[in-house]
Amino acid sequence: SAQGLVANNLNLKPGECLRVRGEVAPDAKSFVLNLGKDSNNLCLHFNPRFDAHGDVNVIVCNSKDGGAWGTEQRESVFPFQPGSVVEVCISFDQADLSIKLPDGYSFKFPNRLDLEAISYMAADGDFKVKCVAFE
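Sequence positions are assigned chain by chain, starting from 1 and proceeding in written order. In keeping with the model being predicted, local features are shown solely for residues with a pLDDT of at least 70 and side-chain atom pairs are shown and tallied solely at 80 or more, while totals for entire chains, interfaces and linings include all residues. In computing side-chain values, all of the structure's heavy atoms are included and hydrogens and water are not.

Going by the annotation in an unreviewed UniProt entry, the name recorded for the protein is Galectin, with Loxodonta africana given as the source organism.

Right under this line is the structure:
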């Protein structure tokens, strides 16, 4: 699929929140939000899978350090529907990233790269970004 939105100079600091709103395709299989320093250094690879890689309605998260993937973390809450508009809010501190999902769900993912700022974001897959906001 065509690469979605890419931003390279976000400078998101600890305590700030990145709010991403977008449209999930009606025939969505999966989408990805990547956050970090660049495409090879990701503190968060956020991958809701509607039906992809043998996973159905699972959120798979991971990190990438110097091009090497870490250990996957899987979340069974899945408040996403194909063909809907969704909003995800991501904030971080030294220890963790906090991901707020629709319907009041949230979870944490460890800040394995120990990043002090998040400068890079990329969206890919069956998701069209409509709005990105800092709070």
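On we go from here.
Draft legend 1. Representation of the sheet that holds strand E8 (residues 85–92) in the model. Strand pairing is defined by DSSP finding a minimum of two bridges between the two strands. Helix numbers and strand numbers start at the N terminus; a helix is a DSSP run of H or I with at least 4 residues, a strand a run of E with at least 2. Here we have five strands laid out as an open sheet, ordered E10-E9-E8-E2-E12, and antiparallel in their pairing. Strands with a single pairing partner mark the edges of an open sheet, and in this sheet they are strand E10 (106–110) and strand E12 (127–134). Across this sheet, the average inter-strand angle for adjacent strands is 20°, counted without regard to direction. Summarising the sheet, strand E9 (residues 96–100) and E10 pair through five bridges and their orientation is antiparallel. The residue of E10 that forms the bridge with Asp-96 is Pro-110. Fitted lines through C-alpha atoms give the axes, limited to the stretch in contact for helices. The angle between two N-to-C directions lies from 0 to 180 degrees.

Draft legend 2. Main features of the pattern of salt bridges. Salt bridges, as used here, are contacts in which a Lys or Arg side-chain nitrogen is within 4 Å of a carboxyl oxygen on Asp or Glu. Tallying each qualifying case throughout the model produces seven salt bridges. Ionic pairing is found between Arg-21 and Glu-87, a salt bridge with its closest N-O pair at 3.5 Å. Note that Arg-21 is positioned in strand E2 (residues 17–24) and Glu-87 in strand E8, a separation of 66 residues in sequence. Three labels apply to residues, based on accessible area from a 1.4 Å probe with only protein chains included: buried if under 20% of the type maximum, exposed if over 50%, partly exposed otherwise in between. For Arg-21, a relative accessible area of 32% gives the class partly exposed. By relative accessible area, which is 27% here, Glu-87 ends up partly exposed. The shortest N-O distance in the salt bridge between Asp-55 and Arg-49 comes to 2.6 Å. Taken as a pair, Asp-55 and Arg-49 share a single burial class, namely buried. One salt-bridge network, held together by shared partners, links Arg-19, Arg-21, Glu-87 and Glu-135.

Draft legend 3. Geometry of the side chain of Asn-62. Tracing the backbone through its elements, the reader meets Asn-62 in strand E5 (residues 55–65). Relative accessible area serves as the criterion here: at 5%, Asn-62 is assigned to the buried category. Looking at Asn-62, its side chain comes within polar contact range of the main-chain nitrogen of Thr-71, at 3.4 Å. Under the rule applied, a polar contact is a pair of N or O atoms within 3.5 Å (in protein, one hydrogen donor and one hydrogen acceptor; residues adjacent in sequence only if both atoms are side-chain atoms). Side-chain polar atoms of Asn-62 contact the side chain of Arg-112, separated by 3.3 Å. Whether two residues touch is decided by their heavy atoms; if any such pair falls within 4.5 Å, the residues are in contact. Not counting the four nearest positions on each side in its chain, Asn-62 is found in contact with Cys-43, Leu-44, His-45, Trp-69, Gly-70, Thr-71, Glu-72, Phe-109 and Arg-112.

Draft legend 4. Examining the pairing of E8 more closely. Note: E2 against E8, seven bridges, orientation antiparallel. Note on E8: the bridge partner recorded for Cys-17 is Ser-91. As judged from the four bridges shared by E8 and E9, these two strands associate in the antiparallel manner. Directly across from Phe-92, in E9, lies its bridge partner Leu-97. In this structure, the hairpin formed by E8 and E9 is closed by a connection of three residues.

Draft legend 5. Local environment of the side chain of Asn-47. Along the chain, the position of Asn-47 falls in strand E4 (residues 41–52). Its relative accessible area of 5% is what places Asn-47 among the buried residues. A polar contact is formed between the side chain of Asn-47 and the backbone oxygen of Phe-31, at a distance of 2.9 Å. Here Asn-47 is in contact with Ser-30, Phe-31, Val-32, Val-58, Ile-59 and Val-60, once residues within four sequence places are set aside.

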